[in-house]
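Fold and contact review
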Amino acid sequence: MRFDVLTIFPELFESFARTSIVGRAVSRGIVQIQTHDLRAYSTTKHRTVDDYPFGGGAGMVMCPEPYGKIFVCSSLCSWYNAMPVVLKPTSTSTVPSSR
């Protein structure tokens, strides 16, 4: 089973993949965890991946460009016909309805 993690903190997931039950599964070859740094796919000068929300308001929102670029430039979705699962900061996740 392979997990590709898109994150702005790849070091966090790499250390997670070496410890506990997940680390044992990785060392036995049961699970593969690949991390991808979203900042590497940013097109801005300072490699930013977030921006202020349109219309103002508190907080920050993730820019869609790095996500689009990583799916176009990499083979994430072609690996065994993988289906991306997008986690949201709510109680549900979204599985895209079309490929």
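Please refer to the structure higher up on the page.
Described below are features of the structure shown in this document.

Within the protein chain one finds three helices and six strands. Seen in sequence order, the protein chain has helices and strands lined up from the N terminus as β-α-α-β-β-β-α-β-β. The buried share of the protein chain, taken over its 99 residues, is 17%. Across the protein chain, the fraction of contacts at a sequence separation of at least 24, relative to all contacts at a separation of at least 6, is 44%. Per element, the accessible surface of the protein chain, about 7600 Å² overall, is 60% carbon and sulfur.

Under the definition given, this model contains two salt bridges. Of the charged contacts in the structure, one is a salt bridge between Arg2 and Asp4, with a shortest N-O distance of 2.9 Å. The exposure class of Asp4 is partly exposed, given its relative accessible area of 27%. Salt-bridge contacts for Asp37 lead to Arg47; the nearest nitrogen and oxygen are separated by 3.5 Å. Of this pair, Asp37 sits in strand 2 (residues 32–37) while Arg47 sits in the loop between strand 2 and strand 3 (50–51); the two residues are ten residues apart in sequence, bridging distant segments of the chain. Residue classification places Asp37 among the partly exposed positions, given a relative accessible area of 22%.

The phi torsion at Ser20 lies on the positive side, around 60°, for a residue other than glycine. Along the chain, the position of Ser20 falls in helix 2 (residues 20–27). Its relative accessible area of 55% is what places Ser20 among the exposed residues.

Moving on to the side chain of Ser42. Structurally, Ser42 can be placed in the loop between strand 2 and strand 3. Within the local environment of Ser42, its side chain forms a polar contact with the backbone oxygen of Thr48, the two atoms lying 2.7 Å apart. Residues within four places of Ser42 in sequence aside, it is in contact with Arg47, Thr48, Val49 and Pro66.

Our next topic: the environment of Phe16. Along the polypeptide, Phe16 turns up in helix 1 (residues 10–16). Residue class for Phe16 comes out partly exposed when judged on its relative accessible area of 45%. Distance in space between the C-alpha atoms of Phe16 and Ile33 is 9.8 Å, their sequence separation being 17 residues.

Right, let's talk about the environment of Arg47 for a bit. On the accessibility criterion, Arg47 (39% relative accessible area) is partly exposed. As for Arg47 and Pro66, which are separated by 19 residues in sequence, their C-alpha atoms are 9.6 Å apart. Beyond its immediate sequence surroundings of up to four residues, Arg47 is in contact with Asp37, Arg39, Ala40 and Ser42. Polar side-chain contacts of Arg47 include one of 3.5 Å to the side chain of Asp37.

Reading guide: rules and limits
- Residues numbered from 1 in each chain as written.
- Predicted model: local features only at pLDDT ≥ 70, side-chain atom pairs only at ≥ 80, totals over all residues.
- Heavy atoms only, no water.
- Helix = DSSP H or I, 4+ residues; strand = E, 2+ residues; numbered from the N terminus.
- Buried < 20%, exposed > 50% of the residue type's maximum accessible area, 1.4 Å probe, protein only.
- Contact = heavy atoms within 4.5 Å.
- Areas by Shrake-Rupley, 256 points an atom, 1.4 Å probe, with all protein chains shown as cover.
- Salt bridge = Lys/Arg side-chain N within 4 Å of Asp/Glu carboxyl O.
- Polar contact = N/O pair within 3.5 Å; in protein donor to acceptor, adjacent residues only side chain to side chain.

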